[in-house]
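Observations on the three-dimensional arrangement
Here are the chains, one letter per residue:
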Amino acid sequence: MSNFRFGRNTPKEIDDSITNITPLNTKNSRNSIWRQFEKFCGERKYVFDGNTSTEKLAFILKDWGYNMKKVDGNDYKEAVIKTMWNVTAKQLQELYFNKFGIKFDPFVDLEFKEEYNKILKIYNEDTPDGLQKMFFYVAGLELAWRGCEGVNVTIKHFKEESDNCGLPTGRIEYNCIFSKTAQGGSHKLTDSKWLATNTTDPRICPVRLYKKMLSKRGKHITTDRLFLTPNPAWREPSSVGWFKNSPVGRNEMGKWTRTAAEEIGIDIKKKKISNHSLRSTAVSQLAKAGVGEEQLIKITGHANTFSIKPYLQLDGDHHYQMIDKLRANSTAMEESNNKSTNCAPSALVQMSKNIVTTSPSTQTPVNYYNCTIINYNS
């Protein structure tokens, strides 16, 4: 009997074991994608050495993501592009760590702070393009949309909430529904999320902006997609309305956040930025506001709390806030021992439905609702 409780495998034996249990198809796919990436970099004359900056690596990956093509020159489907980009990024990450001892994370999106408010200010809601983009940025943040989620959103995903008397509550339920061909029929894909009236800053109230968007959909609109192509002749008296009867394309919408970031002075060549940055910001700010990880994965739709770790960026301000919360909770517990509270059950229910947080960096109120509510492959 061995005197050692634990295994004695060497690092090489561990690596060999992992290699041996990796399916052959996975190995072949990884090798094929990497060969295509090497050919792409060869044509671009990109060089990978210890002197290549992480900003340059990020740019190379972005270039690869937008310009990868099939052998016949046709485009890959978006899902294939995403898979190939992820595989390439992970392999490049491993290469730089193993060969040069350099760590870089190609999967972290820029977290908007004061940039978010700057972006909202550059759009005019009294124009078709400005109205849509204002709603996109407000809803994208408060609903923690995935990067490509907005392009598939339909008006059927939204439902105005009413109370027991049939009166509107000021909230709009949002839920992506399974298609009829998907497993589960018409059942809800996730728990609901909510758009709620922003009484602090009506200009960026998602409920108001959503209703305004609906009011600008002319009678000629037959598609149920929410985001539509602006009509260039919308100002003309003979115009059919603000929008054409055609949805905004995936590629077009994919440029929105990068274009806006560039307009407010962000160097998009040095920072990885996309529509997904809104989601990253939402998760990070909610975490800093004290929302727990179990609640966060209901908001984001991740399968488990491990998947949201890359979003949780702990900075100095966040640390001080947590200490303040700890001290405040200690004081509150002491005070609660000295007095009782009389809170009606209905009020407790309402409290559980409505959570209002404030962005610690911008001090701009951001409303998040039904946080006991939102699977994205990060």
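The structure reproduced in this document is the subject of the present report. Keep in mind it's a predicted model, so treat the numbers as computed, not measured.

A few words now on the pattern of salt bridges. Under the counting rule described, the total for this entry stands at 11 salt bridges. For R44, the salt bridge goes to D63, with nearest N and O atoms at 2.9 Å. One end of the pair, R44, is in helix 2 (residues 24-44); the other, D63, is in helix 3 (residues 54-67), with 19 residues separating them in the sequence. Classification of R44 by relative accessible area gives partly exposed; the value is 35%. Taking the relative accessible area as the measure of exposure, D63 reaches 10% and is therefore buried. Between D75 and K69 there is a salt bridge, with its nearest N and O atoms 2.4 Å apart. Looking at K69, the relative accessible area reads 40%, which means it is partly exposed. Here the residues in one salt-bridge network are E125, D126, R208 and K212, joined through shared partners.

We now examine the packing of helix 2 against helix 3. Contact pair helix 2 / helix 3: the axes reach a minimum separation of 11 Å and the direction vectors enclose 105°. Taken together, the axes of helix 2 and helix 3 lie roughly perpendicular to each other. Judged by residue contacts, I33, Q36, F37, F40, C41 and R44 of helix 2 engage I60, D63, W64 and N67 from helix 3. The class makeup of the residues in the contact of helix 2 with helix 3 is six nonpolar, two polar and two charged.

Reading guide: rules and limits
- Residues numbered from 1 in each chain as written.
- Predicted model: local features only at pLDDT ≥ 70, side-chain atom pairs only at ≥ 80, totals over all residues.
- Heavy atoms only, no water.
- Salt bridge = Lys/Arg side-chain N within 4 Å of Asp/Glu carboxyl O.
- Helix = DSSP H or I, 4+ residues; strand = E, 2+ residues; numbered from the N terminus.
- Buried < 20%, exposed > 50% of the residue type's maximum accessible area, 1.4 Å probe, protein only.
- Axes fitted to C-alpha atoms, helices over the stretch in contact; angles between N-to-C directions.
- Parallel < 35°, antiparallel > 145°, perpendicular 65-115°, else oblique.
- Contact = heavy atoms within 4.5 Å.
- Nonpolar A, V, L, I, M, F, W, Y, C, P; charged D, E, K, R; others polar.

Coordinates in, geometry out; function isn't part of it.
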